[in-house]
Amino acid sequence: SKKGSSLTDLYLPYMCCWTPQELAETTITILFKHFCGNFYSSDKIDEDEDDTINKSTVKVSDVVREIADNLAKDSKLRELIENRIKFIESKGGKVSKETRQVISEKIKKSMPRQSIDDSNTPPLVARLQVASIVLAFIQKCFFFDHKGQKYPFFEIITLTGRTRRATVFSFHSLALQIYLTDLATQGEMTAPIESALPLIYPPYNRKSPFLGGYYLSPSALFRLTQDSKHSLLTLTVDLSDFYSNLGYISCIPWKINSFILNTIEQLWSNGGGDATIPERFKSVEALSNATLRLMSEESGGRNLRNKAAEELKDQYEHFSQRCDFLLKLRVAKAFSQINSFYFPHNLDFRGRAYPMPPHLNHMGNDLCRGLLVFSESKPLGERGLYWLKIHLANTMGNDKATLHDRLHWTEDNIPLFRKIIKNPLENREWTKTEDCWQALAAMNELINAIDSGNPHSYMSNIPIQQDGTCNGLQHYAAMGRDLEGSKEVNLIDGIKPGDLYTLVAKKVEVKVN
């Protein structure tokens, strides 16, 4: 714009509120987020939009508003960073360049999604105008070369549909083809997913609240989803005990239970649909998602709409279950030939340790726990054999009986276990239990120990799951010297294990009746 124009006089001072790098980073990141999201989505930008506005375009108004909101965050970000640095220095801490970068990244992740109203932040109308100016700069400056000719990456065009007009950014399809071709040539088509997988070597010894576990990906000591002073205080206190404890847990080697993995693969090959494995093949009677969505939204009959909506919900849930199962199965297959792998851990806000790989770990669901065994085997021993039998009874649904009854139940059913282990797909009694994969793994381990001729010397590596009873209420019962509560949460020895939930349910039932 020309010097002295009202537009320049009004908005140019606001341009100086951010550095050129901040303006460029914010705008390009949001612009490409919209393009990538629309490119990989089969839906239009809005359900009520005309077909003219498709996944190769992005509405300018959407991008401008999001850029304006993020510019407000950038302004607030600098203020928050300086306040946190002053806070750390007031506690005697030293803030290096690397620490400042870590603080900046943590505050960025914790800042709210919505726009921030603050007296020190430029007004929305100014931020909208700045965003529009920066978008215009980018549209004029971004070009790519193809066969000696220059082409613009973006075009700003106005599309006219049946009912409305819209100004959109149009992404050049040739640029996308060149970009994807270059990625495939360079072998960079896969995303960096190191933090989603176990390690095949002992984890990196944690030496700071932000570095440890994975070697290439920084990982925080605490899982804090909101901006918290506690995360900044970790820079000024001694956490060596936490590092040591987490290091010990993280360095326990694991491996895949080949018997369980083979059974899962066979069951999946036969179509699934049993033992918590989702159905592999879609029923021929099932309606397509598009048809169900149309029925649920446009059908005149309420019953038909509700039925279609319920069926659509079931299909979405089934799709989610298949994705979750396949992620676990692929990780297990990828690590099936590795004798030792490790799960880096970190802590939640309460101080509880959790493994960082999300798909397959020893604290996952029943299928995950059945798939994993310790890499190092040890002699089972007399007590080990005893607790293996108790564990098997627990996984088969007998965890409310006395320990004596559970032991005898397991010993009485050894012939059944032999039949199941011989052919798990033909003899599916084990699939009826809630913890069926842990039960099958325990059956296999018990039969192998018995068949070894000397069960006490059998080298076993199966984890025996044990857990507290209502751990929070155990603390309350202990602190309050509550005799009745202690019995129900098993702080006091009893013939049968206490069942607090059943006790509460009975008391509620009496009051209701």
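Anyway, here's the lowdown on the structure attached to this text. Model, not experiment: these values are computed from the prediction.

## A few points about the overall build of the protein
Part 1 of the argument: The secondary structure content of the protein amounts to 19 helices and 13 strands.
Part 2 of the argument: In the protein, buried positions account for 37% of the 513 residues.
Part 3 of the argument: Counting contacts in the protein only where the partners sit at least 6 residues apart, residues at least 24 apart contribute 62% of the total.

## Considerations on the packing of aromatic side chains
Part 1 of the argument: Under the definition given, this model contains 11 aromatic pairs.
Part 2 of the argument: Centroid distance Phe-335 to Phe-341: 5.3 Å. Interplanar angle 65°. Geometry classified as edge-to-face. In this pair, the class of Phe-335 matches that of Phe-341, namely buried.
Part 3 of the argument: Among the aromatic residues, those joined into a ring-pair cluster are Trp-254, Phe-335, Phe-341, Phe-343 and Phe-374.

## Section: the nonpolar core
Part 1 of the argument: Ranked by size, the top nonpolar core spans 45 residues in total, and within it Ile-256, Ile-264, Leu-371, Trp-437 and Met-443 carry the most contacts.
Part 2 of the argument: Tallying contributions element by element places helix H16 (residues 436-451) first for this core, with 10 residues.
Part 3 of the argument: When sequence neighbours within four positions are dropped, the list of residues in contact with Met-443 reads Leu-392, Met-396, Phe-417, Ile-420, Ile-421 and Trp-430.
Part 4 of the argument: In this structure, Leu-31, Leu-71, Phe-153 and Ala-175 belong to the second largest nonpolar core, which totals 22 residues.

## Structural notes on the pattern of salt bridges
Part 1 of the argument: In this structure the tally under the stated criterion is 9 salt bridges.
Part 2 of the argument: Of the charged contacts, one joins Asp-69 and Arg-65 as a salt bridge, the two residues approaching to 3.3 Å between their closest N and O atoms. Of this pair, Asp-69 and Arg-65 both sit in helix H3 (residues 60-90), separated by 4 residues, roughly a single helical turn.
Part 3 of the argument: By relative accessible area, which is 14% here, Asp-69 ends up buried.

## Some points on the pairing of strand E2 (residues 143-146)
For a regular strand, side chains alternate in direction, first toward one face of the sheet and then toward the other.
Part 1 of the argument: Two elements, E2 and strand E3 (residues 149-152), share 4 bridges in a ladder whose sense is antiparallel. Its bridge partner lying in E3, Phe-144 is registered against Tyr-151.
Part 2 of the argument: Where E2 folds back on E3, the antiparallel hairpin that results is connected by 2 residues, among which Lys-147 adopts a positive phi of roughly 55°.

## Here we look at the side chain of Thr-433
Part 1 of the argument: Turning to its location among the elements, Thr-433 is positioned in the loop between helix H15 (414-422) and H16.
Part 2 of the argument: A polar atom in the side chain of Thr-433 sits 3.1 Å from the backbone oxygen of Trp-430.
Part 3 of the argument: For Thr-433, the contacting residues outside a window of four places in its chain are Thr-395, Met-396 and Ala-439.

## So, unusual backbone geometry
Part 1 of the argument: Residues other than glycine seldom take positive phi values, yet Arg-481 does so here, at roughly 50°.
Part 2 of the argument: Its location among the elements puts Arg-481 in the loop between helix H17 (471-479) and helix H18 (483-488).

## As for the environment of Leu-367
Part 1 of the argument: Locating Leu-367 in the fold gives a position in helix H12 (residues 366-371).
Part 2 of the argument: C-alpha separation for the pair Leu-367 and Lys-328, spaced 39 residues apart in sequence, amounts to 8.6 Å.
Part 3 of the argument: With residues up to four places along the chain from it excluded, the contact list for Leu-367 reads Ile-264, Ile-277, Phe-325, Lys-328 and Trp-437.

## Considering helix H13 (residues 381-395)
Part 1 of the argument: Given a rise of 1.5 Å per residue, 15 residues ought to cover 21 Å, and the 21 Å separating the end C-alpha atoms of H13 matches this to within 8%.
Part 2 of the argument: Leu-385, Leu-388, Lys-389, Ile-390, His-391, Leu-392, Ala-393 and Thr-395 are the residues of H13 that are buried.
Part 3 of the argument: Of the surrounding secondary structure, the elements contacted by the buried residues of H13 are helix H14 (403-412), H15 and H16.
Part 4 of the argument: Gly-397, located one to two residues past H13, shows a positive phi value of around 95°.

## Some thoughts on the side chain of His-362
Part 1 of the argument: Residue position: His-362 is located in the loop between strand E10 (353-355) and H12.
Part 2 of the argument: Exposure remark for His-362: the relative accessible area of 18% places this residue in the buried category.
Part 3 of the argument: Apart from residues lying up to four places away in sequence, His-362 is in contact with Trp-254, Phe-343, His-345, Pro-355, Arg-369, Leu-372 and Gln-465.

Conventions and cut-offs
- Residues numbered from 1 in each chain as written.
- Predicted model: local features only at pLDDT ≥ 70, side-chain atom pairs only at ≥ 80, totals over all residues.
- Heavy atoms only, no water.
- Helix = DSSP H or I, 4+ residues; strand = E, 2+ residues; numbered from the N terminus.
- Buried < 20%, exposed > 50% of the residue type's maximum accessible area, 1.4 Å probe, protein only.
- Contact = heavy atoms within 4.5 Å.
- Phe/Tyr/Trp six-rings, centres within 6.5 Å; stacked < 30°, edge-to-face > 60°.
- Core = buried A, V, L, I, M, F, W, Y, C linked by side-chain atoms within 4.5 Å.
- Salt bridge = Lys/Arg side-chain N within 4 Å of Asp/Glu carboxyl O.
- Pairing = 2+ DSSP bridges.
- Polar contact = N/O pair within 3.5 Å; in protein donor to acceptor, adjacent residues only side chain to side chain.
- Expected span 1.5 Å × (residues − 1).

So far we have only geometry, and geometry alone does not tell us how the molecule works.
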